[in-house]
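# Structural characterization, general
Take a look at the letters that make up each chain.
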Amino acid sequence: AFDLAPRPAPDGAWIGITIGAMFMISSIYSTVLMMRRPARTMTADQAKLRTVMISLFVLLSSTFVVLMFMREERLLVGILDRLSRAAPVYFMIASVYFEDRFAFYDLVIKRGLTLLLSIVVAALFLTAALPWLEALPTGAARPWLFAVALAPLALLMPWLLSRTEQMLDRLWLGREFTPVEAVKHILAAMQPATDEASLIAAAETRLGEIFGAKIVVLVGSRAVLESAVETEVKLTSPVSGAIVRIAVLKQGQGRRFLSEDMTLLRSLGGVFGFMLENIRLQRKRVEQEQLAQELRLQTSKSELKALRAQINPHFLFNALNAIASLIHTDPARADEAVEQLAEVFRYTLRRSDSEWAPLDQELIFARAYLDVEQARFGQRLSCTIESDHQAPAPSIPSMLLQTLLENAVKHGVSQERGPGRIAVIVRTTGDQVTIEVRNSGPEPSTHSTRHRENAVARSGQGGEGFGLHSVRERLKGHFGDRASFTLSRDEAARMTVARITMPQVRMAA
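Residues numbered from 1 in each chain as written. Predicted model: local features only at pLDDT ≥ 70, side-chain atom pairs only at ≥ 80, totals over all residues. Heavy atoms only, no water.

### Structural notes on the sheet that holds strand β1 (residues 215-219)
The strand order across the open sheet built from three strands is β1-β3-β2, with neighbouring strands paired in antiparallel fashion. Looking along the sheet, the strands with just one partner apiece sit at the ends: β1 and β2 (229-236). Here the strands of the sheet are splayed against their neighbours by 20 degrees on average, with no regard to which way each runs. Against the sheet, helix α9 (residues 196-211) contacts β1 and β3 (243-249), and its axis sits at roughly 150 degrees relative to β1. (Pairing = 2+ DSSP bridges. Helix = DSSP H or I, 4+ residues; strand = E, 2+ residues; numbered from the N terminus. Axes fitted to C-alpha atoms, helices over the stretch in contact; angles between N-to-C directions. Contact = heavy atoms within 4.5 Å.)

The following block contains the structure:
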């Protein structure tokens, strides 16, 4: 404006008087507004802020009045002039302190000290470096050489300021952990947690160590008296929408929570929320796996009953034909075969609704089953059973061994013109049971076997495919990946090997 209009000669004094007068008018108006508000409607901090603001209005108004009447250029005039020019800073500091004291300590006091340190370090560096910098050559390269010379200061200052802030945090505010250290500290405790309760307990313990206060983590229906809460952060999971509250409880002489503490608490709350969602997803996956396993078990039980209903008529028909032939040629052997056949069906009926059976009983049943088959094949079939298990015998899924034996007879021995062999070998090592059923006969075709199994599983018809499918599904339902079933060929012995490996368990008979 003074570039366009004539500049008055005594403008400095009149501008100063005008600013002072406007400030005093604004002070009176603001004081009246603040005094009109009843004290009972204000908090303690708001009442203190009002007192400080009015005091600043009175003090600065008095300073302006003194400056109006002091004409001589003296030291006091210069000091008061500069104090009055800094008036906005006083009001800003007072407002920040009482309205957001947390930010005041972190943003005003600590940043002010680090700024002062920066000025001191820069001044010392330049005091020592300027005589050397003056010797630099003149010209276009001189500013770049100055920049290179100042590089050590640029590299030193961030490290120095960071260390200074950490030192101030520890000595003045009691902060023992940097943000990175705090995240590592709480993650190390939460990672081993397997459920929500242990996760919450680990988080509360580590948060208490980090902040030096009593902190509770509230998830779901977990609650705490609101009157006991000093401050809290509330987080919402972006995945499930779950609400998580991290509450700092009141203590007599507890540590004060400032702005950086609240920021760190929110960050650590986000870490906890992530771990909580991970725990819940794992639990949901386990529940789904358990449900799938239960469904597989129910399916395998139904298939087992169907398998028994379908195998028994075929087996009975073949056995009765063999017994009818033996009645005329070998009555004693026929009588023995009838007893073994009766034992087979008694065991089948007794175990029809039982999923587990002791291994020794399954082996006795296997011997009776093979005796009946030997009566059918005569000298064409030789059988051996070998087991090293100790009492008490481990338990295995009932009729599992019989399924493999039926498969060995139907698709192995019966397909061979010459003598056939079936060997049952059971080995128990540590906490594992291995069952092998070895049979002579033609080599099974992997492709055709799988094709038959898939076709039978879809159609629900009996046969080799249905039996092996049932074996695999029952093992998977009971043991998951801890059990295995393989069908292979031992070329050296010219025998097909069906091998089951499963954990060693004991069930009530």
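### A word on the pairing of strand β9 (residues 484-490)
Both β9 and strand β10 (residues 495-503) contribute to a ladder of seven bridges, which runs antiparallel. For Leu487, the partnering residue across the bridge sits in β10 and is Ala498. Hairpin connection of β9 to β10: four residues between the antiparallel strands, including Arg494 at a positive phi of 55 degrees.

### Description of the nonpolar core
Membership of the largest hydrophobic core comes to 47 residues, with the highest contact counts inside it found for Leu405, Ile422, Leu475, Ile500 and Met502. Ranked by the residues each element gives to this core, the list is headed by helix α12 (residues 359-377), at ten residues. Excluding residues that lie within four positions of it along the chain, Leu405 makes contacts with Ala366, Tyr369, Leu370, Ile422, Val424 and Val437. Among the nonpolar cores identified, the runner-up in size contains 30 residues, and Leu199, Ile215, Leu268 and Val271 belong to it. (Core = buried A, V, L, I, M, F, W, Y, C linked by side-chain atoms within 4.5 Å. Buried < 20%, exposed > 50% of the residue type's maximum accessible area, 1.4 Å probe, protein only.)

### So, the packing of helix α8 (residues 179-190) against α9
At their nearest, the axes of α8 and α9 sit 8 Å apart, and the two run at 150 degrees to each other. Comparing the axis directions of α8 and α9 gives the class roughly antiparallel. Two packed elements cross with a definite hand, and for α8 against α9 that hand is right-handed. Along the contact surface, α8 presents Ala182, His185, Ile186, Ala188, Ala189 and Met190, while α9 presents Leu199, Ala202, Ala203, Arg206, Leu207, Glu209 and Ile210. Across the contact of α8 with α9, the residue classes break down as ten nonpolar, one polar and two charged. (Parallel < 35°, antiparallel > 145°, perpendicular 65-115°, else oblique. Left-handed = near helix turned anticlockwise from the far one by under 90°. Nonpolar A, V, L, I, M, F, W, Y, C, P; charged D, E, K, R; others polar.)

### Points about the sheet that holds β10
Two strands in a sheet stick together by hydrogen bonds in their backbones, pointing the same way (parallel) or opposite ways (antiparallel). With mixed pairing, five strands are arranged side by side in an open sheet as β5-β7-β8-β10-β9. Bordering the open sheet on either side are β5 (381-387) and β9, each of which pairs with just one other strand. For this sheet, the mean inter-axis angle between neighbouring strands, taken without regard to orientation, is 10 degrees. Relative to strand β8 (residues 432-440), strand β7 (residues 420-429) runs antiparallel, the two being bridged by eight bridges. Of the residues in β8, the one forming a bridge with Val424 is Val437.

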